[in-house]
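Okay, here's what each chain looks like letter by letter:
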2 protein chains.
Amino acid sequence: MSEPNATLVEEAAKLDAADELRAKRADFVLDDTVYLDGNSLGALPAAVPARLADVVAREWGQLRIRSWEESGWWTAPERIGDRVGRIVGAAAGQVVVTDSTSVNVFKALVGGVRIVQARDVSRDVSRDEILVDESTFPTDGYIAESAARLTGCTLRPVPAPEMAAAVGPRTAVALVNHVDYRTGRLHDLPGTTAAVHAAGALVVWDLCHSAGALPVGLDAHGVDLAVGCTYKYLNGGPGSPAYLYVAREHQPRFDSPLPGWNSHADPFGMAPGYTPADGAVRGRVGTPDILSMLALEAALDVWDGVSTAAVRAKSLALTDFFLRCVDTYVPAGRVESVTPAAHERRGSQIALRCADAGEVMAELIRRGVVGDFRRPDVLRFGFTPLYTGFADTERAARVLAAVLAGEAGEADEAGAPGEVA
Amino acid sequence: MSEPNATLVEEAAKLDAADELRAKRADFVLDDTVYLDGNSLGALPAAVPARLADVVAREWGQLRIRSWEESGWWTAPERIGDRVGRIVGAAAGQVVVTDSTSVNVFKALVGGVRIVQARDVSRDVSRDEILVDESTFPTDGYIAESAARLTGCTLRPVPAPEMAAAVGPRTAVALVNHVDYRTGRLHDLPGTTAAVHAAGALVVWDLCHSAGALPVGLDAHGVDLAVGCTYKYLNGGPGSPAYLYVAREHQPRFDSPLPGWNSHADPFGMAPGYTPADGAVRGRVGTPDILSMLALEAALDVWDGVSTAAVRAKSLALTDFFLRCVDTYVPAGRVESVTPAAHERRGSQIALRCADAGEVMAELIRRGVVGDFRRPDVLRFGFTPLYTGFADTERAARVLAAVLAGEAGEADEAGAPGEVA
């Protein structure tokens, strides 16, 4: 492997020693791997196994049906939603943990269009357009197309940075990713939200790649609706349930296209007619997935006492340092960062364009540096400030350089294609 | 407590001794409680805790992102779907485990309407009506109303037994429960399916209260679409993911209203345009909930070597015996069964109409007999043939009689309202 650069190694040690989040690393199950794929699947929080074992053996195994009340299963989606809300800047009562991100995008878009159309029912203007971030994670685009088709709207893809300029008098709702999954570009949530509002439309933010990595400030910026997953920077576990934020002001008019019995005002009344519950509960659908839900709840314990400002500061320091290490170790021209250099436009990942990126990532994984590969030519490295250190970061860049130089390396683990979002 | 009836006690012992499914009881975590609420939440299969601990500690904790391929996470919805398929009479490749029942009802109804409307596009007839079982579990009705609204159809509630007569030239899809959640009435799946087909419409069956309790025969009876949960007679755990069956003949035209990236033909191509996958995968939406999904997979191990015919035979024997025990122990007129006496119209539960049913059930639970209460006046007792025995059944009726007689009883456990579906 390439020789360590003494300056970088020393600097990494200093930065790690001064890191106020360093103690959080002990809250996760880690090993010698440099795990830079927490933007795909967060590492296992140490509290989860024992908690989940108790949920299974005692709450399900012994209390069985009684746990819906006695163990707080029934209210878990709102309770855990409030905990997610604290991380994304939402006051209590506006976030519910439920379903997948895709399903929540559908609810948010159809619900958003209905709020706007009901509001404008007596006006001449007819808003029948949904704007979508054109480089969106694909599922948002597919679901937006379905939402448009079912609500009689047209769908117009627009580059996220141009969303503020593109929104117009026909726009009902704009769906934007806070951070681009591929490039790691951070979009302007406050500015875009204000511009969408100025045009009389609503905005839906997809927070999959920002929640837990940086302050979001949903309430502070007046966001209307938002969705996100919990298995990336929130470390909720593979496929852990997603969440839906409906701002309090919109809740009374939120008319879900998936009005399952869990969102009924009196679910055990078993009435044939639907009467929606008040509040965030209105975003629920069917029976919540308790095992995954309570694993997530345990995973969120690591956030106790953590400020998203501190997380953001460390995230930027990590990605800055990674870029410097890459510059130092990797011959010029061999990779090119497609992640913006400016802090205000950077999320918590670095995406490097690289020839043979698929093979390079497979070899990196074999050597114990886990990122992922995005077709056709991107190496993606996610930095989770709660458990990623600066020494890890230096090592990742150094191993990358060795792989790119074709140096022989010692396999750390069997390789994996690293191609899962 | 009321004195045991020697004849019934003796008969219970004989029936238990002769029970070919008796050994299956050891595959579950049980205690002294008579658990007759497996039609709401199945008991914990003994294999689940160790399997789930391994999923968490090794697959998530150690392999992390690699498990999507190496541990078979990515293909779990189809793999486990095939196992559910074997229990409901569906050949491989038609069932996918995904989302909640409510969300799958939405996909099935909108998808069903689209299949019919696309088929009839060149004909004069316009099918724009959805029929729904009028005593349906409420969520199906709420979701059906939403599906009708979004597809421009009208929704017409019809008693399930009259569905075959009600279906007409305007009907696109009929949604029917196989077993009524409240009364335990078993509806005529073969006859209704044939009648719906004869009228040129499609049928969606909700199998929540039949799957795992009796043979369903989806393929044999030519069912078009079906949904169901996995946490009742399939014992998958609280809120475990539901499933969607799309008959092979309909798959090429199944046009999901929730076309998430997991249902794309090439999900990692990350193409902006949606191209649906072939087969059952087309019913997927977002990232699958792996912890709950794999707990379900372990739970399904108890079905190895079990025939649904044997399950059905024992189920009927249990419910027959329960009714006889109730007749013997409970004074005439104090309760009334609303579950059909005829085997061909009975599911795997007995629902007893009873004054003060809520209080009676709370007291039953305190005395270690767990059923549930359905407003306004129904005591619901579910019989899971894999772990419920005849001695349990005799005891349940005897304790019920004691409670109804106002006899003092020894509390077994802290009571719970028993009002969760």
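Residues numbered from 1 in each chain as written. Chains lettered and ligands numbered in written order. Predicted model: local features only at pLDDT ≥ 70, side-chain atom pairs only at ≥ 80, totals over all residues.

**Q** Kindly report on the overall build of chain A, identifying the contributing residues and their values.
**A** Helix and strand content of chain A: 12 helices and 13 strands. Whereas a compact globule of 421 residues would reach a radius of gyration of roughly 22 Å, chain A reaches 22 Å, a difference of no more than 12%. Taking the principal axes of the C-alpha coordinates as reference, chain A spans close to 70 × 55 × 35 Å. Looking at chain A as a whole, 59% of its 421 residues are labelled buried. (Helix = DSSP H or I, 4+ residues; strand = E, 2+ residues; numbered from the N terminus. Rg over C-alpha atoms; globule rule 2.2 N^0.38 Å. Buried ≥ 20, exposed ≤ 12 C-beta atoms within 10 Å, placed from the backbone.)

**Q** A description of the relation of the copies chain A and chain B should follow, citing residues and the corresponding values.
**A** When chain A is fitted to chain B, the best match, at an RMSD of 0.0 Å, comes from turning it 180° and sliding it 0.0 Å along the axis. Such a combination of turn and shift is consistent with a two-fold rotation axis. The share of interface residues of chain A whose copies in chain B are also at the interface is 99%, consistent with both copies meeting through the same surface. (Least-squares fit on C-alpha atoms with pLDDT ≥ 70 in both. Contact = placed C-beta atoms within 7 Å.)

**Q** Run through the pairing of strand β10 (residues 349-354) of chain A, naming residues and quoting values.
**A** Residue and element names in this part refer to chain A. With 5 of its 6 residues buried, β10 lies for the most part within the structure. Here 3 bridges tie strand β9 (residues 335-337) to β10, and the two strands are oriented antiparallel to one another. Note on β10: the bridge partner recorded for S337 is L352. Summarising the sheet, β10 and strand β13 (residues 378-382) pair through 5 bridges and their orientation is antiparallel. Note that in β13 the partner of L352 across the bridge is L379. (Pairing = 2+ DSSP bridges.)

**Q** Kindly report on the environment of T33 of chain B, identifying the contributing residues and their values.
**A** Within the fold, T33 of chain B resides in the loop between α1 (6-18) and β1 (34-35). By C-beta crowding, T33 of chain B is classed as partly exposed, having 19 other C-beta atoms within 10 Å.

**Q** Talk me through the domain arrangement of chain A; I want residue IDs and the actual numbers.
**A** All names here are of chain A. Considered domain by domain, chain A is made up of domain 1 (6-30 + 305-404) and domain 2 (51-303). The set of elements that each furnish at least two residues to the side of domain 1 that touches domain 2 consists of α10 (308-329) and β10. By residue number, the principal contributor to the side of domain 1 that touches domain 2 is α10, which donates 5 residues. For the side of domain 1 that touches domain 2, the residue count by class is 9 nonpolar, 7 polar and 6 charged. (Domains from an automatic or database assignment. Nonpolar A, V, L, I, M, F, W, Y, C, P; charged D, E, K, R; others polar.)

**Q** Provide a residue-level description of the packing of helix α2 (residues 48-60) of chain A against helix α9 (residues 290-299) of chain A, including the pertinent values.
**A** The description of two helices packed together rests on the angle between their axes and the distance between the axes. Residues and elements named next belong to chain A. Contact pair α2 / α9: the axes reach a minimum separation of 9 Å and the direction vectors enclose 145°. Of the two possible hands of crossing, α2 and α9 adopt the one that is right-handed. Across the interface between the two elements, V48, R51, L52, V55 and V56 from α2 touch L291, L294, A295, A298 and A299 from α9. Split into classes, the residues belonging to the contact of α2 with α9 amount to 9 nonpolar, no polar and 1 charged. (Axes fitted to C-alpha atoms, helices over the stretch in contact; angles between N-to-C directions. Left-handed = near helix turned anticlockwise from the far one by under 90°.)

**Q** So what's going on with the interface of chain A and chain B? Which residues, and what values?
**A** Taken together, the contact pairs 73 residues of chain A with 73 residues of chain B. At the level of elements, α2, α3 (67-70), α5 (101-119), α6 (138-151), α9 and β12 (372-374) of chain A are the ones that each hand at least two residues to the side of chain A that touches chain B. A total of 8 residues in the side of chain A that touches chain B trace back to one element, the largest contributor, which is α6 of chain A. For the side of chain A that touches chain B, the residue count by class is 42 nonpolar, 19 polar and 12 charged.

**Q** Tell me about the sheet that holds strand β13 (residues 378-382) of chain B, and please be specific about residues and values.
**A** Residues and elements named next belong to chain B. Reading across from one edge, β9-β10-β13-β12 is the order of the 4 strands in this open sheet, with antiparallel pairing throughout. Looking along the sheet, the strands with just one partner apiece sit at the ends: β9 (335-337) and β12 (372-374). Within this sheet the neighbouring strands show an average axis-to-axis angle of 35°, counted without direction. Relative to strand β10 (residues 349-354), helix α10 (residues 308-329) is tilted by about 25°, and along the sheet it contacts β9, β10 and β13.

**Q** I'd like a rundown of the nonpolar core, residues and numbers included.
**A** Burial of nonpolar side chains together is a common tendency in soluble globular proteins. Among the nonpolar cores identified, the biggest contains 272 residues, and L109 and I130 of chain A together with L109 and I130 of chain B are the most heavily contacted of them. Not counting the four nearest positions on each side in its chain, I130 of chain B is found in contact with L109, V113, A144, A147, A148, C153, L155, A172, V173 and L175 of chain B. (Core = buried A, V, L, I, M, F, W, Y, C linked by C-beta atoms within 7 Å.)

**Q** So what about the sheet that holds β13 of chain A? Which residues, and what values?
**A** Residue and element names in this part refer to chain A. The strand order β9-β10-β13-β12 describes an open sheet built from 4 strands, whose pairing is antiparallel. Looking at strand neighbours, the two that pair on one side only are β9 and β12, the edges of this open sheet. This sheet shows a mean twist of 35° between the axes of neighbouring strands, independent of strand direction.

**Q** Describe the environment of E359 of chain B, and please don't skip the residues or the numbers.
**A** Residue and element names in this part refer to chain B. With respect to the helices and strands, E359 occurs in helix α11 (residues 357-366). Judged by local crowding, E359 falls into the partly exposed class, with 14 C-beta atoms found within 10 Å. The sequence separation of E359 and F373 amounts to 14 residues, and the corresponding C-alpha distance is 9.0 Å.

**Q** Please provide a residue-by-residue account of the pairing of strand β3 (residues 129-133) of chain A, values included.
**A** Residue and element names in this part refer to chain A. Of all 5 residues that make up β3, 5 are buried, and the element is covered over most of its length. The alternating pattern of β3 places E129, L131 and D133 on one face and I130 and V132 on the opposite face, and all of these are buried. Taken together, the 5 bridges between β3 and strand β4 (residues 154-158) define a ladder with parallel strand orientation. Across the sheet, the residue bridging to V132 is P157, located in β4.

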